[in-house]
Amino acid sequence: MDLLTNTVRPYAWGSTTAIPELLGTEPTGEPQAELWMGAHPGAPSRIDRAGGGTSLSEAIAADPEGELGPAVVEAFGPRLPFLFKVLAAASPLSLQVHPDLVQAREGFADEEERGVPADAPHRNYKDANHKPELICALTPFTGLCGFRRPADTADLLEALDVGGLKPYADILRARPEDEALGEVLTAVLSADREAMAETVGAAAAAARRLATGEGPYAREYAAYAGIAGHYPGDPGVLAAMLLNVVRLEPGDALYLGAGVPHAYLGGLGVELMANSDNVLRCGLTPKHVDVPELLRVVRFEPTEPEVLRPRTTSGGEEVYAAPVDEFRLSRYVLAPGSEPHDLDDRTPQILLCTDGEITLQEVTGGGAGGELVLARGRSAFVRAGERVAVSGSGTLFRATVAV
């Protein structure tokens, strides 16, 4: 078992207090957006073995099968296939979508062949992998996920009573659903920003007024008005109005697959994803938006976001089901004096304590072995084949591989 020392990423949208409060550290006054746990080359966790410090990525590279297990290496190569995070959003993240595995491989190969520099601001594909994600709320958490039905969005736009939105509402009523969504998103993202600013401003002002009423879309208007406050005049505000607003309570989760436009708006959660940096942005960002490639990747189909709640196994593990092999998220909610729970040792795992204090006990052929205590906010890496039992009082999240 290895206690992890993790990097905090200071993205501008991050909360200044949520991650320090979780870790029990003093806020610096600067944003602390994400706590990364894993072996991502951009910020691998650090471990201490045999009195010497090294990165988790270096430890895995030195002995892939010993750290990950033969099944994981056979399926994904000599690398940890997931990245585990604590995400703390104080303002909206960019509106974005991720490619599927085939699109990622094709897009990466094309940009490599064309010689697009890896650090070029207009580069879309940083690697050849897909990037499915699962977010589980630790506090009330708000986001956007998937397209609303076009007819319902037409109602929402018409209620704003903004002349510049009428053509979009008309398209959403007149065309087949997939065509309508594609045409409106293309029009919004392709329009001149300055020319759109007046319409975006009027829509935001109307949303603020309607957010205080009793209408059917009051909570949606409140979310869109909040987005517009952070991104005044951004056409991405209108793109966001095409999407469902989702609110998660602590313990609720949301799975985000390929082609589904989404954005996190606010809250603290644990996020588990395939180890990839491939993001295509749709707005709410000063970064590059490649509209043609975005339209190739987005799935223009209305969806009703499915809020995931865990399924409890006979061993007390609460599992959040997701249709991917790269990762599996679960948690243990342990009461004082409860019996220890043995963890499956076939795959590598990262364990994160988010509440209370959890004891990790190594289980050997001769009985109990070494012990590691995780206070709130602390995490550990457990190699494949290393048997561990968990006990204590609190909440432990477990990230592992689904093979």
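Report on the accompanying structure. (Residues numbered from 1 in each chain as written. Predicted model: local features only at pLDDT ≥ 70, side-chain atom pairs only at ≥ 80, totals over all residues. Heavy atoms only, no water.)

Secondary structure summary: the protein contains twelve helices and 22 strands in total. A globule of 403 residues ought to have a C-alpha radius of gyration of about 22 Å, and the protein, at 22 Å, matches this closely. When the backbone C-alpha atoms are referred to their principal axes, the protein occupies close to 75 × 50 × 40 Å. Of the roughly 16,800 Å² of accessible surface on the protein, a fraction of 50% belongs to carbon and sulfur atoms. Positive and negative side-chain charges of the protein, numbering 34 and 57 respectively, have mean locations separated by a distance of 1 Å. (Helix = DSSP H or I, 4+ residues; strand = E, 2+ residues; numbered from the N terminus. Rg over C-alpha atoms; globule rule 2.2 N^0.38 Å. Areas by Shrake-Rupley, 256 points an atom, 1.4 Å probe, with all protein chains shown as cover. Lys, Arg positive; Asp, Glu negative; His and termini not counted. Charge placed at Lys NZ, Arg CZ, Asp CG, Glu CD.)

A few words on unusual backbone geometry. Its identity as a non-glycine residue notwithstanding, Asp161 has a phi of 55 degrees, on the positive side. Along the chain, Asp161 turns up in the loop between helix H6 (150-160) and helix H7 (166-174). Residue Asp161 is classed as exposed on the basis of its relative accessible area, which comes to 71%. One non-glycine residue, Leu284, lies in the positive phi region at around 60 degrees. Take Leu284: it is sitting in the loop between strand E13 (280-283) and helix H12 (291-297). Since its relative accessible area comes to 1%, Leu284 is described here as buried. (Buried < 20%, exposed > 50% of the residue type's maximum accessible area, 1.4 Å probe, protein only.)

If you look at the biggest cluster of nonpolar residues, it comprises 53 residues, and the most contacted ones within it are Leu144, Leu157, Leu160, Ile227 and Leu238. Not counting residues up to four positions away in its chain, the partners in contact with Ile227 are Pro92, Leu144, Val237, Ala240, Leu265 and Leu284. Within the second largest apolar cluster, 37 residues are counted, among which are Ile47, Leu268, Leu308 and Phe327. (Core = buried A, V, L, I, M, F, W, Y, C linked by side-chain atoms within 4.5 Å. Contact = heavy atoms within 4.5 Å.)

We now examine the pattern of salt bridges. Counted by the stated rule, this structure contains 23 salt bridges. Across the salt bridge formed by Glu318 and Arg331, the nearest N and O atoms sit 2.5 Å from each other. Residue Glu318 is located in strand E16 (residues 318-320), and its partner Arg331 is located in strand E17 (residues 328-334); the two are separated by 13 residues in the primary sequence. Assessed through its relative accessible area of 17%, Arg331 is described here as buried. What emerges from the salt-bridge pattern is a single network uniting Asp2, Arg49 and Glu67. (Salt bridge = Lys/Arg side-chain N within 4 Å of Asp/Glu carboxyl O.)

A word on the layout of surface pockets. Within this model, the largest pocket holds a volume of roughly 940 Å³. Together, 39 residues line the largest pocket, and Ser94, Gln96, Val279, Arg281 and Lys287 are the ones closest to its centre. Of all the secondary-structure elements, those providing two or more residues to the lining of the largest pocket are strand E3 (34-37), strand E6 (82-89), strand E12 (262-274) and E13. Tallying contributions element by element places E12 first for the lining of the largest pocket, with five residues. Here the lining of the largest pocket is composed, by residue class, of 18 nonpolar, nine polar and twelve charged. Estimated volume of the second largest pocket: approximately 400 Å³. Around the second largest pocket sit 20 residues that line it, and Arg79, Asp127, Asn129, Asn275 and Ser276 are the ones nearest its centre. Residue assignment for the lining of the second largest pocket shows that the elements contributing at least two residues are helix H2 (56-62), helix H4 (70-76) and helix H5 (101-113). When grouped by side-chain class, the residues that make up the lining of the second largest pocket number nine nonpolar, five polar and six charged. (1 Å grid on protein atoms, 1.4 Å probe; cavity = no way out; pocket = protein on both sides within 12 Å on 5 of 7 lines; lining within 4 Å. Points joined across faces, edges and corners; volume = space filled by probe spheres on them. Nonpolar A, V, L, I, M, F, W, Y, C, P; charged D, E, K, R; others polar.)

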